[in-house]
Every structure is written in C-alpha cells, then in structure tokens.
Amino acid sequence: MGRAEERRARQRGGRRAAPRRSTVTPATGVGDGGAPGGRAAARRAARPAKARKSGIRRLFTWKKILGTVLGVCLLGIGAFVVLYMLVDIPKGNAAAERQSNVYKYSDGTILARDGEINRESVSLDKVPKDVQHTFVAAENKSFYHDSGVDLKGTARGLLNTLTGKGTQGGSTITQQYVKNYYLTQDQTVTRKLKELVISLKVDQRESKDEILAGYINTSYYGRGAYGIQAAAQAYYRVDAQHLTVEQGAYLAALLQAPSQYDWAVAGPNGKRLVQARWNYVLDNMVKQHWLDAGKRQAMKFPVPKEPKGAPGREGQKGYLIELANKQLEQQLMQEQGITQSQAEAAVVDRGWTITLNIDRKKQAALEDSVKKQLTSKLDPKKRKVDADVQAGAVSVDPKTGRIVALYGGQDYFKHYISNATRRDFQPASTFKPVILAAAMDEGAKTQDGLPIDANTIYDGTSERPVVDHGSKVGFAPPNEDDVSYGNITVQSAMNKSVNSVFAQMGVDVGMEKVMATAKKLGMDTEGMQAVPAQTLGSMGASPLEMAGIYATLDNHGKKVTPGIIAAAENRTRKVSVTDPVGDQVISREAADTVTSVLTGVVDDGTARTSVADNPLRDGQQVAGKTGTSDNNWSAWFTGYTPDLVTSVGLFGENPKTSKHTTMTGATGLLPGKGRINGGGYPAEIWAGYTFGVMGDTSKFDLDTTQGAAKQTPSRTPSMTQSPSLSPSMSPSHSPTQPSHSASQPPPSHSATQSPSHSPSMSPSHSPTAPDPSTSTSADNPLDPNDQQHLHDRMPGQ
C-alpha cells in the first residue's frame, strides 16, 4: 500500500495494512499475489476494508464549503452592485420631517402644541476652524480621509437589527448626516442599507467641508435647537462664529445625549459624563495635532447659560412635556435598542400625538393646593429666603401606575429644571419605610434572634452607637433635637421618626439587603453605597421616585413604575406603551405591614396635625411618612390612600447659583427659628390636594395583623400606644439585655409621652418633648460616609 493510500485509510478509520512483499516472475510479470503488479493487487485487495465516507463528510467537503462561501460572496457583491445602481441620493427632507408634536390630557383635550422649530443653518465659513475640529474629534477622527462609511460598524448594526439586539453607535459623520438629512431614524435593514449606499455616493459627490456643514446644521442639540447656530444661541447666547473651542467641544459632546448632558437639568452623573466627554473631545484634538497641548491644559469647562422657555411650555406644561418626551424616548430605546441621541432625534418635532395620563381636574387641584398652602405665603421682597424655596410633587394611581398630576415648579420659564424629577435632594426619613419593608420581606431578626416587626422593641436613645454583632460600626446618629426615647416599639419609632432605631435596624437587616429592597421598590441605587448612613435617607431621590416606591407599597408589593404616557403615535408608527404595573417585588404581607405601620404616622405621629386632623379628611384612611433633611435643605411628605399616592417635596435652592440652601425662616409664619418640617407645608399641600380630589371614602385591604391600621388607637393620654405594648406581646421581647434593645419590656408611658396625643399638641414643641418628627442625614448626599460632626447637626423630620 502506497503512502497516499495509507494516509487515506487512516483518515477513513481503517487500519494500516502491513506492507506486502511481492515476488515477480520475470517471465510472466505476475507477482505472488496472483495479479500483475504486486502493489496494485494489494490496493485492490485492501479496498473492501476501507471505512466508508459518512453522509456528513460527503456533504460538507472543504471544496463544497469554499465554493458555497465564494458563491455567497459573489451574490452579495452582485446584490450590492445592483443596489448601488438603483439607489440614488434623494432630496433632502430634514426640514420636511420636522413637525410639531401635540400633547393631550387624558380626556383628549389639548394640553400643548410645540411652537415653531428653532432651526437656522450657517455656512461652514461662519464656524471657526477649531470649532469644526471639535465635532470631528468627538464623532469621527478619520473623517477627512475615510470613504464616508464604517463597514464594521454598519455590519454590526445590520446584524444587531436582524437579531433584534438593537443598534450601536459608530457611524461616521457622513452616515449621520445622511440619516439626518436624507433618511429617517427608523432602525430597519432597508434603511441601513440605503444609508450605506447613499453615504458612499455623498462622499464621492460632495466635499468633506460640505458634508461637515450639513452634519452640524442638521443635528439636534437639545433645548429645541437644530443646527449649530441655534445651539450656540440656546446654550451660550452667541452666534456660531463667536464660539470658543471650549464651547464648541461642549456642543460636540452634547450630540451623544442632548437632554442628559444639558448642564441645566443634568444630575450629578450626567454632569460627570458630559465633562468626561468634553475632555475626550479636547484630548482627541491634541492627538490629531489640532490643538496645542499647553492651551488644552489651561482650558476650563464652559458652563452653559440658563435656558429660555420655549413657546407653548409656560406654567406646568413644560414639565409635563419634558417627562412625556423622556419616557417616550426610553420606550423607543427599549424597543429598538437605539442610542439616547437617536431616540431624542426620533421624538422631538417628529409629529407625534401624545396623550398623557394627566387628569385635567387633578392637575388643576394640585397646582391650586401648592399655591394656597405655600407659594401665596412666599414674598422674596420681604424675606430673601423665600426666593430659595422650590416645590415639586407627583401623584400616581397605584392600581394602574398612571401619573395623574405633576408639579414641577412655579413656572417652566422661571425654573427650567423639574422639581418633580430632580434627584439631587435627600429624601430623609421618607426612606425609613424601605428599611422596614426590607426587614419584613427578608424575615430579618435582631441580633438577639427576635423577628423584626411593628412590635419589636429597640433602644431609642439619641446618639446611641450602632452595633453589628457586638462591634460598634462607628455610626451614632442623633434623634431630632437630640431627644432620647429609651425602649420603644418599631411602630412608635416610625411615628416619631427615631433615627437611632432605624440606624440599628438597617444593620440588623443588612445594608446590602436594604439597598437591594430599595432598588426592587423603584429607587435608582446605582453608585449608592450600602452603609448605615443611608438609613437616614442620605442619598438623592425625586418625588417621582418616592411616589413609585410608595405606590408599590400601596399596590401590595407589585412594582409600580409611574408612567405619564397613555398613548403615542405619528404618521409612521404607533407605540405600545409599557404597562406601569409589573411583577411582585416584595411579599404582600411585607408591603401591607408597612402600610399599616404608616397609618400610625398620620394618626399618631408627625403628620397628625396637617393630615389626620385636617377638616377635609372626612374619615379617609391614610398612610404616609414625613422627612426633613439636614440644614433644612429639603422637607417631604409622601402619603397615600388606597386609590392615590402623592409625594410632595420642598427644596432649598439658591436661584443664582443653584446650590442647596436652607429653607429655615421661609414664609415668616413658623414658630421658633422657622424650620420647615415634612409635617408642615408638604403635608398641608398633600392634604389640600388629596382630600379635595378623593371620592368615596375607602379603606386599605391589608394582609397583616400588625401595625396601627390593625389596632384601635385612642386619643386619650392614658391609652397612648397601649395596644402595641400590651402584656400579650411583652414575653416575646424580654430576653437578656441585647446590644440594641431593652432587657425588659418598657415601663408604662410617662407624662412626657402621653400628652403628645392630646388635641392641643402643645408639648410637642416644648423643650422636654419637642416635635419628634425629623431624621438626620449626611451633609453630602453624594458621600454617605461623611459622618464628621454628625452629633452637632440639627436633625430633620
């Protein structure tokens, strides 16, 4: 058997035949194998023993595979050639595609129609060369010498579109210009193929300067501005020809996510991202030798000017429109996998008819309540601090998740950022229910092994060090006005907003679990540290966020993500709005127990005067929580009935610098130093609105045996909180002395506690028993570890 035959035999699974020696008779030429030529005879003899080729191997030979690949390539090339010949550069449609959006109330009446489109094109010679380079450095460094397309990026985009994974960035400036000016933002294979062909043709027919001019004149920069001239005016009040390199770099950075990177409305994360993008642009310019490294080092971030109000967005309209646009953009990003920039371009001025969930009557009632209870009492001419007070509120139907009313500020033209959605102020003690929810849902126990529930007894001593399994954790928060309560139940601690109790409870549950529960309930916890300081609500949150969290509690633990859009459609598409009500995220018993406990805050705690005793209440059952942050920077009341959840926040903000500032002394109508507590104006706004729009009185349907709603609280001093401290409960809370709770059931209530339930409420403001309704939080909401001088600060409600 020859070597080639042996090799093939091995490949086919056969065994190598032993070499045969053949003796050939010279006369006959016949070997001893009986056939002419010994080797040929051996090969023929070996054939029956060869392994047969499998069906798969016969089908997939390397020749066939190679031929198929080459055939597909040739077909693809041929198809592209045909496509290239058939697709021509269409007429530009950028201006024609811009159509005003129409926004409607839930009853179909018109809320607003966008005004005229802010658009103005300028020739490239009106834009400084260095500013031109900022856009190239930001989007497409190879722009001046590429063919106008990014083949890898386009192939990736086509594959993602075909597989339903959405799209990715990476298009060249030419492709983005073609998409803006000649095509649509639709994420389809057909549109992407057309974009590829037209981009190649545009790159051949137009100069790079013409393409760059088209790009910067058709892009959307936010604030309703299309084109670099409109953007220069909107952000810096200058014409494009007077833009500096620093300003140009900011405008170039904006194109990645215009609304998220708008300095006037960006949160801490948005500001960090846009500054990083700004630095990226300038650093690229240095690498491309378009900017001197020395000059680059001397450059400072150019903070944009405050925006001007757009026509048709006066009063509350602008806040409603901005949230509707944002949620529609998020919906498109989720459905199509497009980028933030692409989503904004697909929403703004694209002829949408958007019906909101906003109830016209409830919206008017919320605005009226804010005016009556707060803004009518503010007079900046008499008191400088009155100019620093901002109000925000969001009202949600917990059963449907619909946002039925929203208050973003006194006027969109006067205060561009929405107080309803801003996340830079601390929610303070309104976070305490989240801690209890985590304890109940996790079945958490104290460090002595006792289950945590509404009747668990904790040590309410002010500045009591928090202990974790015998070790101090270096955190000892004071209670409001440094009042100590001694042994106190969780129910009473929630009513009085006792910081020391919930700081210890957070460690008992585990701060990781507390923050995980906060996320499940609807809080954006990205970047938040799971540290004990968070138990005091030291993170940032918005009224929209808090309304969603409390709506989830009201909805028996089913996730509620408040939505403002009922329907959205334009002439090319109709959006299927995501259901705001999701899955069960915490158990019904846990959610209902928290609700039951929070009724005590209203009936016997920090919201009693403004809510429970409000003459408009008419027997309505209410749960809620007050909160006031350090330095009186914010004050909250988030409360709910079985059918309506509303979160109201007041924020101290310097109108010139936008820095946080105290609200103490505002209105000049409060006793003492005039501290604004959550149980004051926020609760009054809530009550004036809620009791004014509620229909028939309804009761909570609670699956729990715990909390104030399952008891019959008495207003008489002698019966103060007795149900929660009844003898039947005492045996389960009388172990040996724990590190964080009493060694025995608390004694009968002293006189300093019982008067807190008298109608006069006067002891609540006395030195011996001040209003126990506030909770402290960290000085810096972005640094929850900042506990320096914590005991010297005045806690909030």
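Within each chain, residues carry numbers counting from 1 in the order of the written sequence. Whole-chain, interface and lining totals are the exception, using all residues; otherwise, since this is a predicted model, local features are given only for residues with pLDDT of at least 70 and side-chain atom pairs are given and counted only at 80 or more. Remark: hydrogens and water are excluded; side-chain values derive from all non-hydrogen atoms of the structure.

Below, the discussion takes up the overall build of the chain. In DSSP terms, a helix is any run of H or I states spanning at least four residues, a strand is any run of E spanning at least two, and both are numbered starting from the N terminus. Looking only at helices and strands, one finds 26 helices and 18 strands in the chain. The buried share among the 797 residues of the chain stands at 53%. By the convention used here, residues are in contact when the closest approach between their heavy atoms is within 4.5 Å. Contacts in the chain between residues at least 24 apart in sequence constitute 72% of all its contacts with a sequence separation of at least 6. Roughly 35300 Å² of accessible area belongs to the chain as shown, and the carbon and sulfur atoms make up 52% of that amount. Using a 1.4 Å probe on the protein chains alone, a residue whose accessible area is under 20% of its type maximum counts as buried, one over 50% counts as exposed, and one in between counts as partly exposed. Reported accessibility uses the Shrake-Rupley method at a 1.4 Å probe radius. Residues are deemed covered only where the shown protein chains occlude them.

Note on terminology: a nonpolar core comprises buried Ala, Val, Leu, Ile, Met, Phe, Trp, Tyr and Cys residues joined through side-chain atoms within 4.5 Å. If you look at the biggest cluster of nonpolar residues, it comprises 86 residues, and the most contacted ones within it are Leu328, Ile354, Ile403, Phe431, Met505 and Ile564. Once residues lying within four places of it in the same chain are set aside, the contact partners of Ile354 are Val102, Tyr103, Lys104, Ala324, Asn325, Leu328, Ile565, Ala567 and Ala568. Counting residues in each nonpolar core, the second largest holds 52 residues, with Tyr177, Leu212, Leu254 and Val274 among its members.

Let us look at a nonpolar patch on the surface. A cluster of nonpolar residues, Trp62, Leu66 and Leu70, forms a patch on the protein surface that exposes about 370 Å² of accessible area. Residue placement: Leu66 occurs in helix H4 (residues 62-86). Here a patch means residues that are over 30% exposed by relative accessible area and free of salt bridges, tied together within 9 Å if like-charged and within 5 Å if nonpolar (Val, Leu, Ile, Met, Phe, Trp, Tyr). By convention in these notes, a salt bridge is any Lys or Arg side-chain nitrogen within 4 Å of a carboxyl oxygen on Asp or Glu.

If you walk across this open sheet you meet the five strands as S7-S6-S18-S17-S16, and the pairing is antiparallel. The open sheet has two edge strands, strand S7 (403-407) and strand S16 (623-628), and neither has a second partner. Along the sheet, successive strands turn relative to each other by an average axial angle of 5°, direction set aside. DSSP bridges decide pairing: two strands pair if at least two such bridges lie between them. When strand S17 (residues 634-640) meets strand S18 (residues 645-652), the two strands line up antiparallel, connected through seven bridges. Bridge pairing in S18 places Ala635 opposite Leu650. Between N-to-C directions, angles span 0 to 180 degrees; the directions come from axes that are lines fitted to C-alpha atoms, helices contributing only their stretch in contact. Lying over the sheet, helix H26 (residues 681-693) contacts strand S6 (389-396), S7, S17 and S18, oriented at roughly 145° with respect to S18.

Moving on, we get to unusual backbone geometry. At Asp349, a residue that is not glycine, the phi angle is positive and equals roughly 55°. Inspection of the secondary structure assignment puts Asp349 in the loop between helix H17 (340-347) and strand S5 (353-356). When its relative accessible area of 5% is taken as the criterion, Asp349 is described as buried.

The subject of this paragraph is the packing of helix H21 (residues 499-509) against helix H22 (residues 511-521). For the pair H21 and H22, interaxial distance at closest approach is 5 Å and the crossing angle is 95°. In terms of orientation, H21 lies roughly perpendicular with respect to H22. Residues Gly506, Val507 and Val509 of H21 pack against Met511, Lys513 and Val514 of H22. In terms of residue class, the contact of H21 with H22 is built from four nonpolar, one polar and one charged. Should an angle fall under 35 degrees it is called roughly parallel, over 145 degrees roughly antiparallel, and 65 to 115 degrees roughly perpendicular, with every other angle called oblique. Note that Gly is not counted as nonpolar here; it falls among the polar residues with everything else outside the nonpolar set of Ala, Val, Leu, Ile, Met, Phe, Trp, Tyr, Cys and Pro and the charged set of Asp, Glu, Lys and Arg.

So, about the sheet that holds strand S2 (residues 110-113). Overall, mixed pairing links the five strands, which are arranged S2-S1-S5-S13-S14 in an open sheet. Where the open sheet ends on each side, the last strands, each with one partner, are S2 and strand S14 (574-575). Of the pairings in the sheet, the one linking strand S13 (residues 565-569) to S14 comprises two bridges and is antiparallel in character. Along S14, the bridge assignment pairs Glu569 with Lys574. Relative to the sheet, helix H16 (residues 317-336) contacts strand S1 (102-104), S2, S5, S13 and S14, its axis offset from that of S5 by approximately 110°.

Two elements, S1 and S5, share three bridges in a ladder whose sense is parallel. Paired with Lys104 across the two strands is Thr355, which belongs to S5. Pairing analysis gives four bridges linking S5 to S13, with the strands arranged antiparallel. Counterpart to Ile354 in the pairing with S13 is Ala568.

Aromatic contacts are taken between Phe, Tyr and Trp rings whose centres are within 6.5 Å, Trp giving its six-membered ring; a plane angle under 30 degrees counts as stacked, one over 60 as edge-to-face, and the others as tilted. The full count for this structure, using the stated rule, is 20 aromatic pairs. Summarising the aromatic geometry, the rings of Phe425 and Phe651 are spaced 4.8 Å apart at their centres and angled 25° between planes, so their arrangement reads as stacked. Within this pair, whereas Phe425 is found in the loop between S7 and helix H19 (432-442), its partner Phe651 is found in strand S18, the two being separated by 226 residues in sequence. Neither residue differs from the other here; Phe425 and Phe651 are each classed as buried. Relative to Phe651, the ring of Trp636 lies with its centre 5.5 Å away and its plane at 70°, an arrangement referred to as edge-to-face. Separated by 15 residues along the polypeptide, Trp636 in strand S17 and Phe651 in strand S18 bring together distant segments of the chain.

With that out of the way, let us pick up the packing of helix H12 (residues 245-254) against helix H14 (residues 268-287). Interaxial distance between H12 and H14 falls to 9 Å at its minimum, and their mutual angle equals 120°. For the element pair H12 / H14, the angle class is oblique. The element H12 and its partner H14 pack so that their crossing is right-handed. Residues Val245, Glu246, Ala249, Tyr250 and Ala253 of H12 lie in contact with H14, whose contacting residues are Val274, Arg277, Trp278, Val281, Leu282 and Met285. For the contact of H12 with H14, the per-class residue count stands at nine nonpolar, no polar and two charged. Left-handed describes a crossing whose near helix is turned anticlockwise from the far helix through less than a right angle; right-handed describes the clockwise counterpart.

Mapped onto the elements of the fold, Gly652 is located in strand S18. Assessed through its relative accessible area of 0%, Gly652 is described here as buried. Distance from Gly652 to Thr662, taken between C-alpha atoms, is 5.4 Å for residues ten residues apart in sequence. Excluding anything up to four places from it in sequence, Gly652 contacts Asp388, Phe425, Trp633, Lys659, His660, Thr661 and Met663.

Inspection of the entire model under this criterion finds 22 salt bridges. Its salt-bridge partner being Asp283, residue Arg296 comes within 3.0 Å of it at the nearest N-O pair. Note that Arg296 is positioned in helix H15 (residues 293-298) and Asp283 in helix H14, a separation of 13 residues in sequence. Looking at Asp283, the relative accessible area reads 33%, which means it is partly exposed. One salt bridge in this structure joins Arg422 and Glu653, with 2.9 Å as the shortest N-O distance. Highlighted residues: Arg422 in the loop between S7 and H19 and Glu653 in the loop between S18 and H26, separated in sequence by 231 residues. Owing to a relative accessible area of 5%, Arg422 belongs among the buried residues under this scheme. Within this structure, Asp146, Asp203 and Lys208 form a network of salt bridges that share partners.

Here helix H8 (residues 173-181) lies mainly inside the structure; eight of its nine residues are buried. Regarding H8, the residues found buried are Ile173, Thr174, Gln175, Gln176, Tyr177, Val178, Lys179 and Asn180.

Moving on, we get to the confidence of the model for the chain. Low-pLDDT portions of the prediction should not be read for the details of their coordinates. pLDDT measures the predictor's confidence residue by residue and takes values from 0 up to 100. Per-residue pLDDT for the chain averages 81, and the proportion of residues at 70 or more is 74%. In this model residues 14-36 is a low-confidence stretch, pLDDT under 50, and it forms 23 contacts with partners more than four residues away in sequence or in other chains. Across residues 712-796, where pLDDT falls below 50, the model places 192 contacts with residues more than four positions away in sequence or in other chains.

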